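# A structural walkthrough
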Amino acid sequence: MEEKHEITLEVNGEERNLSVTPETLLVHALREELGYTGPKVGCESSLCGACTVHVDGDPIKSCTMLAVRADGAEITTVEGLSDGEEFHPLQETFQQEHGLQCGYCTPGMLMTATSLLEENPNPSREEIRESIDGNLCRCTGYQNIVNAVESAAEELSSQGAGD
């Protein structure tokens, strides 16, 4: 019988307990054990970024992190960006600016871009490009993704100005 470890993850604000083998990757625990299908399994070598989630606030490629290493961590997946039925401004602008086509890379792009905007609420186009450099998209050519992040930054800035 394979050794299992009991771990607790706080995923999108909800405490989740699960039993994983020592070699279970976080992306597989999230998708297969907990049903969060936003993080995608792409390259399993950290090259594509489709599996990006936030672990304790930092963007992490979950295909390179063992689930046992995340025990006790706060994890946000793309499913946790929206507020119920209301999309996060980045999700809205990705739709408005056509920053997605097949959608496979989109969750990772959104998670990476969210971190960027939290650290730098007014990034230049070059800073946006540098930020998403570790996320591959085979469909869009990135122009609309950069437009979407730029539009979200503007929207978030205007929302903050109204507070």
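Our structure's up above, just so we're on the same page.
About the cut-offs
- Residues numbered from 1 in each chain as written.
- Predicted model: local features only at pLDDT ≥ 70, side-chain atom pairs only at ≥ 80, totals over all residues.
- Heavy atoms only, no water.
- Core = buried A, V, L, I, M, F, W, Y, C linked by side-chain atoms within 4.5 Å.
- Buried < 20%, exposed > 50% of the residue type's maximum accessible area, 1.4 Å probe, protein only.
- Helix = DSSP H or I, 4+ residues; strand = E, 2+ residues; numbered from the N terminus.
- Contact = heavy atoms within 4.5 Å.
- Pairing = 2+ DSSP bridges.
- Polar contact = N/O pair within 3.5 Å; in protein donor to acceptor, adjacent residues only side chain to side chain.

## So, the nonpolar core
Ranked by internal contacts, the top residues of the largest apolar core, which has 20 residues, are L90, F94, M109, L110, L117, I145 and V149. Those elements that place two or more of their residues in this core are α2 (89–96), α3 (106–119) and α5 (143–161). Not counting residues up to four positions away in its chain, the partners in contact with L110 are V78, L81, L90, Q91 and F94. Among the nonpolar cores identified, the runner-up in size contains 17 residues, and L18, L26, A29 and A67 belong to it.

## A look at the pairing of strand β2 (residues 14–20)
Sheet topology note: the strand β1 (residues 5–11)/β2 ladder contains seven bridges and is antiparallel. The residue of β2 that forms the bridge with H5 is V20. The loop that links β1 with its antiparallel partner β2 comprises two residues; one of these, N12, has a positive phi angle of about 50°.

## Quick look at the side chain of T24
Tracing the backbone shows T24 in the loop between β2 and α1 (26–33). Judged by relative accessible area, which is 16%, T24 ranks as buried. A polar atom in the side chain of T24 sits 2.7 Å from the side chain of T21. When neighbours within four sequence positions are excluded, T24 is seen to be in contact with A29, M65, L66 and A67.

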